[in-house]
Amino acid sequence: MIGYPLILNEQYPLMAGCPKTETKENSIRAFTRFCPEEAQIEKVEYFKEVAAPCQWHVIYNFRNGVELNDQLESYYCKKIKEPFDVIKTQISLTDHAMLKVVNRMSCQIKLTANLLDVSKVKDSLFFSDKWKASDNWLQYCGISISPSGDIVALVYDKRLIVLTGRWDSNLLISNFHITFNEAVDLHDTITSVLCLPVVTQSSSSQVGPDWTCIALGFESGYVRFYMEDCTLLLEEQLHNDSVVSLKCQSQHNPRPDISPELKPEELYVQYTNNVCVINGSNLFTTLRNCRSYITRRETGGSYNEPMMTSMNPKKWGFVDQNTVNDMAVVGLDLSNTFDHLLTASTCEGFDSRYRAVAPNSNLVMAVGIKPFVGFHYAIEGGTQPVLSDVAKAVANKLKSALPGWLTGAKISPEKQSSITFLPADSMTCRFGLCDAHRIASDIILSPNKKLAAVSDTLGRVMLIDTHKGIAIRIFKGYREAQCAFVQVPDERKVKHRSMKPVALFLLIYSPKKGTLEIFSAQIGTKIATFTASKFSRLIYINYGLMGFQTTSKSRYICQYTTLLIDPDGSIKEITIPFHFALTAKNSTRVKDLHLYKRLKRYVKLGNYDDDSLVYEAFNTCSEMNTVDIKLQLLEFLISNREITSEVILRCVNHFIEKINLLNHLEIESDTKALKIVSENLNSLVTFYTQVTYEAHEEDITNGNFECSNALDTNSVLGVKEMENLQKLLDLSTLNNYKSNDLKVSFKENGKETLSSFLKVFDLSVEGNVCLKKDVDEVALFQVAKTIFARYIIGTMDTKELQEQSRNSTVCINDLFYLVLTYWVNRPLNIDINLEREMRNLSAVVYCLAQNAKYDDLIVDNNSTSPFWTKIRQLLMNSPRSFPALMAAILCKGVAQRIENEKEFQKSSEEDFEVWENLSQENCEWTLLIGKLEDVSLLNIILANDPICTSALPTLKHEKETVTLRSILDKGKGSVSELVARWLTLKGVNPKFLTLNEIHHQNSLLGEQSVSQQKDNPNPTTVSPEDLEVLSSESVFEHLNILRKQFPYSLDSNVLLTNMAWEYALAWQKDIQEILKLEASLSCLNQITEPHLKKGLHNIIWNTHLKILFESCCKLIRKVGKLPKERLCKQDTGLTDFQMVSFIKISTEFFNEFMDCLQESFNADKVRLHYEPIWEDDSGLPLTELAYNQSNINYDLLLLHYQLSLTMQMIATFSIKQTKFVNNLFDPSVVPLFFSDLQQKAQISWRTTESKINAARNHFLCKVISVTIETVTMSEDTVYSTEHVTWMGRCVSLARLWNLDIDFLRRYQIVQLYINGFDSVAEELLPAVNDAEALGLRLLEVAGKRLSQFMTSSPDLSEKIGAFSTTLTQYLDTLNGEWCVPCPLNNILLLSTHSLRCLNENQAEHKLANLMVEACIALQDMQS
């Protein structure tokens, strides 16, 4: 509650708004924030008489920023005669920091800067000793402070002093030093000054000031602009009269965070009878050009005259007001239609002619005499010329067009008109506030320009609504008043900045009274009164940064808006809290908000002990009155790590006590919500203190507690089952097994644990504390460990846990969730005592189950318990199934125990025997345990990192949480998919998956089967080399262990199917990784079941290969060959080399697809089987989807194989083939490309156009010619494997196209002879059917060889005699293909082969005979 000011004496009141102190028992905080030096003694007396008897006290002096100034210290030690250090120990730094926070609830005037060398400033400004010694010097000089806080300009007469600010990091204030002190013009007197911060030329919203322009107005009417060093930039005489004042309007408000509206930049130069308005954009463009020109000139660089932009100022004249002392430009006035019509009717009468739309006009408020306040309007676009003026102008124009001898006028140079003599546009004074006895002296506008404050000579300050033109309030008794407005935003957070409330305050400084008073502009009430010097000066800065080139947003907040300057040079800033503008109700809320923030800062500092923290928190709670702030305080206490349980309990108990005192009818909904939160928090914190209670040493048994109510594990588990669990634990710790343990850390001091403990609970439900939704698993584990860790480890007994958990009001299901969260996520190691911890867990589960409702626990045999059903759901959702398995076994035992106890109560002890009922509940537990056992083994195996040699690329998969629920929800193929991903992580060779299954099946046959295999060798046996690989890699051992639990899901064909799909998916994410696609086909080829293999081929084709293959086909078809890399990447995303590899893989894919399709025709479908863990048909596994891919059209598949093989030939050898699809394939089959392979389509392979066959022959011949280039020779050995392979593909394609294969064979043999590979060609001669056609071609090659031999022979004239005339003429006709030079023996052999192939009846037979004879003769001549 805001009280009254504390008074030192009548002259120096303390800070307004301080808490009123009525009793000495309360803590007194005295704030003397604005006391001059002579008040120090009174301050000390107040300290001695009032503050000293209290428990603790603080005196804070704002002038020097220390806790206790030296004068007070010496005076206190002298008067009180006590060591000052004793008193000082009572004043901690935390108290002072807290006091600064509390001060934010009160209005403050704080020192922000100092003008240094004040005496030097006065000596420079004033020449009279009278003025130099006077304290009233600030009232006679002009002062302007830049809103950015870096420049202060003082002017008097002809002198200008510029002071530049420097930050003092020790005192945390700015000190202004003199940087210029001279007379700027010896013949002209300065009348006004204005500092204009100019922004940097940037479009960023974080733009700041670049330099400061100082504008000076002179008595001559000149306005001159200077740089910071007072270098003249620009001068202009706007009117032939003295400048009265300089004002401006910036594009952005000094506080853009409060008022983001944009306004045009303008500079206002006021003269006696008019005001000149200069456009800011033109002005600052010119100033920047002048500044750049001066900078270049001083640096000696090349410079030209600066570009001067015409300012074109507007001149608005005051014609309807006698005297204008001050003015303020409100800006554009947008009148509505009604006001416009009302004005027209009032001024002109009923029959007046009016415009339909009101003209745009600018409002200028002028204050002075007659009227006291005038509202002048300047029409946009200027006034309409009078008709007589138009006539006179037309006459002058006609006169100037006539010759001088006719008009008698003398010829003289035309005189240029200047801005000075331009007439002003008259403004219309539509209305005003008239008072003949009142003279207005000053006017200021609020930042939003909706209000104006006018001071007059009668000591009145009038608050005027600028838009309505009415006086809102009049403040009396303020002679020579100086006014300012202050905008204060609300500190509370809102969603949108434009919706943030803003308070407006009016400051009135009265030099006569020496006071500074603050009023609420909205309400009109006085907020505070400060004592000030009578010679100070109130500076109001209502503009921000200038010089913006575009209408861009700015986030720059100006440092200064309202300042108070003392005659000693102290510059003070006025701070007003927002809550002073609120009503009593809202003020209470803001007061509570300040108390809340005070406590937050108090806790943040950390300089306190536990008792002082409890005391401060309790005091804050006791002072609060607003319910929502109390709720915020509780949220803060819950979330802060430094808060102890004692603090929370003290606060919530106080809230509960206060609420219980209220009448039930008086409790509102928000108060009820506070009560619910307080009660729940009380019970929860109490529960926390109980479960974290440190046991005495005699109670701690180092984890060997035999918890009461524990189950006998032998009755629940047999010895074999316990051994199986231990084996699972041992297996989970092998190979550096890294489990999914939550990575958490704890602080043993309990503070962080309390915070994390409370934050996970929802306290808004009456009588029921529940866990919040979507809470982080780490936080839940931390809370679970806090509650249950010591019970499960065995360091605490569970005797009191049941009662504590019941009193905590925590939901029993959430407690079960927490205990299971801790159990399943706690770290496992080989050293834990599994049996003991299971007994302890059973005791905890039994205690918690006792708090559940009886009807939820005990049901009949044909139904299931709702309570245990929820527990089973929790276990099914657990990501660590092995601990969940142990928990399920124990929960089943506890459920059975509770059921037996209830049965025992119904019957007598003698007649009662314990039997396990065959109920639905037991069946559900048994099924869950079996499923968890399977998933536990799966989780353990998948989490291990076995040894394996990577034959395929290793994939990286995101870590997936495997739960029983996820296994069941994903369906029958989930286990196969998980194991396949695990295998692809290691890059397992798919070949060994099949061999491992064969070896595993053979090992299960027994000795008799082995002896039978010796007599009858089985083709499915594994070779010793492969067996050695299987034995050396542990991945297959783990796979065999897992196959015992999932024999169907882990069949080799099923795993290979999923592996192929995983590699295909990985390749689809990055198609440039061709190795992953090859790995997919490797897995696909190892599948032995033809129907499964066929279906998977079809799925991979439709899903992954089809689109990219079609893109490659279209690209090659468009270009006619394999394109360059850039075009390939643009259309397909592959490089040219990757594209060749992809087409090659596609061809192999189609070839394998056709083979498995043919095998499937003669093979029966194998029925798929699944493990009984899946009870329904949820989800369709990949294998079943592949089996359903039936009715594949073999003809369509063969067609696509031909297309792929053709593309492979073109791409591999860069063969140019224009529109190969249209030229090489029949038009009837072209539309069938890339269609669904399962559709029914009839394709005729027999009938083909001769033009297409010719093109096919030509294409295959080009392929054969290119492939011969792959044949190499080394030391008489010819390597032709690749050529033979490609020739086989050409032959197979020719068979599919029904071409003459013998023609291709002949062409191949001829090309081999041409290229000199005679040995390879001779091997192919028997394969040719048409020997005569081959003989003709061989004769031509032999003739070319012989002609080339003779040409290169040195003794041609001698050897030519061995040739007959017929042979010579034949050789002259052979001008065709080039052939490789070869020796005479090879020519003779080739001629002999040609002779054998030719028929004696052929004419060429004689030529072949002559050629053989010539070769023999040449041999004889050489020998």
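Position labels on residues start from 1 in each chain and follow its written sequence. Only residues with pLDDT of at least 70 are given local features in this predicted model, and only at 80 or more are side-chain atom pairs given and counted; all residues enter the totals for whole chains, interfaces and linings. Side-chain measures were taken over the full set of non-hydrogen atoms in the model, leaving aside hydrogen atoms and water.

**Some points on helix 21 (residues 812-825)**
(1) Moving on: Taking 1.5 Å of rise per residue, the 14 residues of helix 21 would be expected to cover 20 Å, and the 20 Å separating its terminal C-alpha atoms lies within 8% of that figure.
(2) Moving on: Per-residue accessibility, obtained with a 1.4 Å probe over protein chains only, is compared with the maximum for each type, and a residue is labelled buried under 20%, exposed over 50%, and partly exposed between these values. Secondary structure is summarised from DSSP: a helix means a run of H or I of at least four residues, a strand means a run of E of at least two, and numbering begins at the N terminus for each. The buried count for helix 21 comes to twelve of 14 residues, which makes it a mostly enclosed element. Given a helix with a known number of residues, its expected span is that number minus one, times 1.5 Å.

**Looking at the side chain of D592**
(1) Moving on: Assignment of secondary structure puts D592 in helix 11 (residues 584-605).
(2) Moving on: By relative accessible area, which is 0% here, D592 ends up buried.
(3) Moving on: In this structure, D592 is in contact with E623, M624, N625, T626 and I629, ignoring residues within four places of it in sequence. Residues are treated as being in contact if the distance between any of their heavy atoms lies within 4.5 Å.

**Points about the sheet that holds strand 25 (residues 502-510)**
(1) Moving on: If you trace the four strands from one edge of the open sheet to the other, you get 24-25-26-27, paired in antiparallel fashion. At either margin of the open sheet sits one strand with a lone partner, and together these are strand 24 (482-489) and strand 27 (526-531). The average angle at which neighbouring strand axes cross in this sheet is 20°, direction not considered.
(2) Moving on: A pair of strands counts as paired when DSSP detects no fewer than two bridges linking them. Bridge analysis of strand 25 against strand 26 (residues 515-520) gives six bridges, and the strand direction is antiparallel. Axis definition: a line fit to C-alpha positions, over the contact stretch in the case of helices; interaxial angles, taken between N-to-C directions, run 0 to 180 degrees.

**Examining the sheet that holds strand 8 (residues 190-199)**
(1) Moving on: Taken together, four strands build an open sheet; the order of strands is 8-9-10-11 and the sheet is antiparallel. The sheet is open, and its two edges are formed by strand 8 and strand 11 (232-237), each paired on a single side. Strand-to-strand twist of the sheet, defined as the mean angle between neighbouring strand axes without regard to direction, takes the value 20°.
(2) Moving on: Note that strand 8 and strand 9 (residues 209-218) share nine bridges and pair antiparallel. Bridge pairing in strand 9 places L194 opposite A215.
(3) Moving on: Its contacts with the sheet put helix 7 (residues 280-299) on strand 8, strand 9, strand 10 (222-226) and strand 11, and the angle it makes with strand 11 is roughly 140°.

**Some thoughts on the nonpolar core**
(1) Moving on: With 259 residues, the main nonpolar core has F761, W868, V979 and F1142 as its most contacted residues.
(2) Moving on: For F761, the residues in contact, after removing those within four places along its chain, are L684, V769, C770, L771, K772, V783, V810 and L818. The criterion is simple. A nonpolar core is a set of buried Ala, Val, Leu, Ile, Met, Phe, Trp, Tyr and Cys residues joined through side-chain atoms within 4.5 Å.

**Some words on the packing of aromatic side chains**
(1) Moving on: Between the rings of Phe, Tyr and Trp (Trp by its six-membered ring), a pair exists once the centres lie within 6.5 Å; its type follows the angle of the planes, with under 30 degrees stacked, over 60 edge-to-face, and the other angles tilted. As enumerated under the stated definition, the model contains 27 aromatic pairs in all.
(2) Moving on: For the pair F1225 and F1233, a centre-to-centre distance of 5.3 Å together with 85° between the ring planes defines the contact as edge-to-face.
(3) Moving on: Using a relative accessible area of 9% as the deciding quantity, one classes F1233 as buried.
(4) Moving on: The rings of W1101, F1109, F1149, F1150, F1153, F1225, F1233, F1234 and W1297 are connected pair by pair, giving a single aromatic cluster.
(5) Moving on: Throughout this description, the term charge over a ring refers to an Arg CZ or Lys NZ atom that lies within 6 Å of the ring centre and within 35 degrees of the ring normal. The aromatic ring of F372 is capped on one face by R438, whose charged end is 5.5 Å from the ring centroid.
(6) Moving on: Positioned above the aromatic ring of W1286, the side-chain terminus of R1289 is 4.5 Å from the ring centre.

**Focus on helix 8 (residues 337-348)**
(1) Moving on: Its twelve residues place the ends of helix 8 16 Å apart at the C-alpha level, agreeing with the 16 Å of an ideal helix rising 1.5 Å per residue.
(2) Moving on: Downstream of helix 8 by a residue or two, G349 has a phi angle that is positive, lying close to 100°.

**What about the pattern of salt bridges?**
(1) Moving on: Criterion for a salt bridge: a side-chain nitrogen of Lys or Arg within 4 Å of a carboxyl oxygen of Asp or Glu. Using the criterion set out here, one finds 23 salt bridges in the structure.
(2) Moving on: With a closest N to O distance of 2.7 Å, R1345 and D1318 form a salt bridge. Of this pair, R1345 sits in helix 45 (residues 1331-1351) while D1318 sits in helix 44 (residues 1318-1324), and the two are 27 residues apart along the sequence. For the pair R1345 and D1318, a shared accessibility class is recorded, and that class is buried.
(3) Moving on: Shared partners join several salt bridges into a network, and the residues in it are D185, D188, R224 and E235.

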